[in-house]
Amino acid sequence: MAPSPIRELVPLSRIPGMISFGGGYPNPRTFAFASVEVAFKSGARVTIDGAELDDALQYGATEG
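Model, not experiment: these values are computed from the prediction.

Definitions and limits used
- Residues numbered from 1 in each chain as written.
- Predicted model: local features only at pLDDT ≥ 70, side-chain atom pairs only at ≥ 80, totals over all residues.
- Heavy atoms only, no water.
- Helix = DSSP H or I, 4+ residues; strand = E, 2+ residues; numbered from the N terminus.
- Buried < 20%, exposed > 50% of the residue type's maximum accessible area, 1.4 Å probe, protein only.
- Contact = heavy atoms within 4.5 Å.
- Pairing = 2+ DSSP bridges.
- Patch = residues over 30% accessible without salt bridge, like charges linked within 9 Å, V, L, I, M, F, W, Y side chains within 5 Å.
- Areas by Shrake-Rupley, 256 points an atom, 1.4 Å probe, with all protein chains shown as cover.
- Salt bridge = Lys/Arg side-chain N within 4 Å of Asp/Glu carboxyl O.

Attention now moves to the overall build of the protein chain. On a plain count of helices and strands, the protein chain comes out with two helices and two strands. Counting from the amino terminus, the protein chain carries its helices and strands in the arrangement α-β-β-α. Across the 64 residues of the protein chain, 6% fall into the buried class. Of all intrachain contacts in the protein chain linking residues separated by at least 6 positions in sequence, the fraction that spans at least 24 positions is 37%.

Next up, the structure:
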């Protein structure tokens, strides 16, 4: 089977300055908040921000 032409476009969306209008790959600069804090019932807390938050809020490419 031939690879999907769409998957071949994904690396192009990672070029610095490139804005992708592809579904599932939003521009992180458009996110409305800078960090997320999750509090667990155990009392533990996790803060996600920066590049880690950018990754968490986007749909990622899959190996499937």
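On to the pairing of strand 2 (residues 45-49), then. Residues in a regular strand point their side chains to alternate faces of the sheet. Pairing geometry for strand 1 (residues 35-39) and strand 2, over five bridges, is antiparallel. The residue of strand 2 that forms the bridge with Val38 is Val46. Here strand 1 hands over to strand 2 after five residues, with Gly43 in that stretch at a positive phi of 100 degrees.

Our next topic: a nonpolar patch on the surface. Where nonpolar side chains cluster on the molecular surface, the patch consists of Ile6, Leu9, Leu12, Ile15 and Met18 and spans about 480 Å² of accessible area. By secondary structure assignment, the location of Leu9 is in helix 1 (residues 5-9). Judged by its relative accessible area of 49%, Leu9 falls in the partly exposed class.

Here the structure, examined in full by the defined rule, presents one salt bridge. One salt bridge connects Glu37 with Arg45, and the closest N-O pair in it is separated by 3.2 Å. Taking the relative accessible area as the measure of exposure, Arg45 reaches 56% and is therefore exposed.

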